[in-house]
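Listed below, chain by chain, are the residues.
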Amino acid sequence: MFCALSNQVPDVPVVSQKSGILFDKRLIEAYISENHKCPVKGHELEKEDLLALEAVHSARPRAAGQQSIPGLLQAQQAEWDAVMLENFQLKKQLDLVRQELSHALYKHDGACRVIARVMKERDAAHKALSELQGEVPAATAKAADGKAIPKEIFAKMTAAAKQLSMKRKKRALPSDLASKDDLKSMKEARTLAPHSTTTPGVTSVDSFNGCTVTGGMDGAVVVLNNKNEVQQKLTGHTKSIKCVFLSRVSERLVTASEEVVRVWAKGPRGYATVAEFHDHKKPVTSVCFNPTDDVLLTCGEDGLVNLYDMSSTGNGKKIVSLQEADIKKGFTCGAFHPDGMLMACATADGGVNSVRIWDLRSMKAFNLGDKDCKAVTTMSFSENGYALCTGSIDGVVTMWDLRRLEKLRSITFEDSDPARPTPVNKVAFDLSGAYLAICTDSLKIYDVATNSEVATHRDHKTTVTDCVWGDSARSITSCSIDRQVKTYEL
């Protein structure tokens, strides 16, 4: 009988009580000391499980096959084969270890490169911040044509920007903010068709503090109360309304139709026109007030951006006018940053000129975009202050990082036909910045953190043109070319 490990006659034979396999005591005890298991069966094995066998040592038998030269050669061949097999296994294990080492070194090198890049960006950010903090803000911000924001307004804007920035950093999410499950269960609460049937279509909507305003293709501006009841119909415009904007500070309203911009103020008998501007040569695409309500922004298809002094002493005086020579197809929309010291206008040019942003402290401009961007149709600043969302004519929604001026991610819709994509008509963050509403051929709601769709409303019969969130994302109002204004609530 032979040892299962050495294939030789054992000097001191022992047998495993668990498997019944014969071993040489010296070899099996050395193996058990290191591994504590059977080398053949693999089960647990201790020295106490070995049973010694009595053997006669007077004569060690020699295997019959090894008493001849052919037998010896066969035994040598078997040992050679065993050595070769063991060598093969060792080489195989060596190759595996080399691959694991190579993979680990590759990951280490990648991590070092990422760390180096992040450190470089950090150093650049620190340098830019130190330069910015070292500068003494000028009393006025001068535009390209030599005009300037009056120092009183600029000082008020600067103070408001600091206050809003500090408030945003300390602000927590509203305790009653709608959850994703709430948004999934949101139902249509009210529907209204306040505009003319002869020229159907509602092009824009805005809402604040219980008041909703809509603009239609019939040239009318309709003011609704919180129950969607018509309070007043403003008929100063003669052509299709392009955009409407309700002030968040005063009871003022701005509307635009083709090349005409009107500012309305609320009095005892409702809204009445207090200012009218005809400075654009092509249709105006966007109007809005800055956070202090002292500056009005207008931009249009003529590539012109105007700022007007709407303070109590300004009387609607144009204080800044920017004509960008490299913008060929004009601006499609515009907005102020939540802090009010940046303004942005999206372009129909696309590419690297997709969005142009101006720092109102110096009127220096910089761009957002890349070569793959198509004409931008809408944009929205997040209240967190560092994210900007754009929607384009090819049905793509893109999230941008204002700190690094680079693309974060994009959204494309599974139900969109790549050959004939549906343009994005509106993107709008809710006030918390947690959710994003998107108007295409339907009203879609996305969770910003996960970049995932939460709900889709297809109640409108045709293109959804605009939407506006209610408080704490607990309601949303949309309008469409089908003449309907719909309000969804929890």
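Residues numbered from 1 in each chain as written. Predicted model: local features only at pLDDT ≥ 70, side-chain atom pairs only at ≥ 80, totals over all residues. Heavy atoms only, no water.

Peer 1: Tell me about unusual backbone geometry, and please be specific about residues and values.
Peer 2: You will see that Asn-451, though not glycine, has its phi angle at about 60°, which is positive. Position of Asn-451 relative to the elements: it lies in the loop between β27 (443-447) and β28 (452-457). A residue is classified by how much of its surface remains accessible, and Asn-451, at 25% relative accessible area, is partly exposed. (Helix = DSSP H or I, 4+ residues; strand = E, 2+ residues; numbered from the N terminus. Buried < 20%, exposed > 50% of the residue type's maximum accessible area, 1.4 Å probe, protein only.)

Peer 1: If you had to explain the sheet that holds strand β7 (residues 221-224) to someone new, which residues and values would you point to?
Peer 2: Ordered in space as β5-β6-β7-β8, the four strands form an open sheet in which the pairing is antiparallel. Among the strands making up the open sheet, the edge pair consists of β5 (202-208) and β8 (230-234). Strand-to-strand twist across the sheet, computed as the mean angle between neighbouring axes with direction ignored, equals 15°. Relative to β8, β7 runs antiparallel, the two being bridged by four bridges. Considered in β8, the bridge of Val-223 is made with Gln-232. (Pairing = 2+ DSSP bridges. Axes fitted to C-alpha atoms, helices over the stretch in contact; angles between N-to-C directions.)

Peer 1: Give me the lowdown on the state of the cysteines, citing residues and values where you can.
Peer 2: Counted by the stated rule, this structure contains zero disulfides. Cys-38 takes part in no disulfide bond, and the closest cysteine sulfur to it belongs to Cys-3, at a distance of 11 Å. Cysteine Cys-288 is unpaired, with the sulfur of Cys-299 as its nearest cysteine sulfur at 7.8 Å. (Disulfide = S-S within 2.5 Å.)

Peer 1: Describe the sheet that holds strand β12 (residues 270-277), listing the residues and the values that go with them.
Peer 2: Here four strands make up an open sheet; going across it, the order is β9-β10-β11-β12 and the pairing antiparallel. Strands with a single pairing partner mark the edges of an open sheet, and in this sheet they are β9 (241-246) and β12. Taken pair by pair, the neighbouring strands of this sheet meet at an average axis angle of 25°, ignoring direction. Judged from the six bridges that link them, strand β10 (residues 252-257) and strand β11 (residues 260-267) form a sheet pairing that is antiparallel. Bridged to Leu-253 within β11 is Trp-264.

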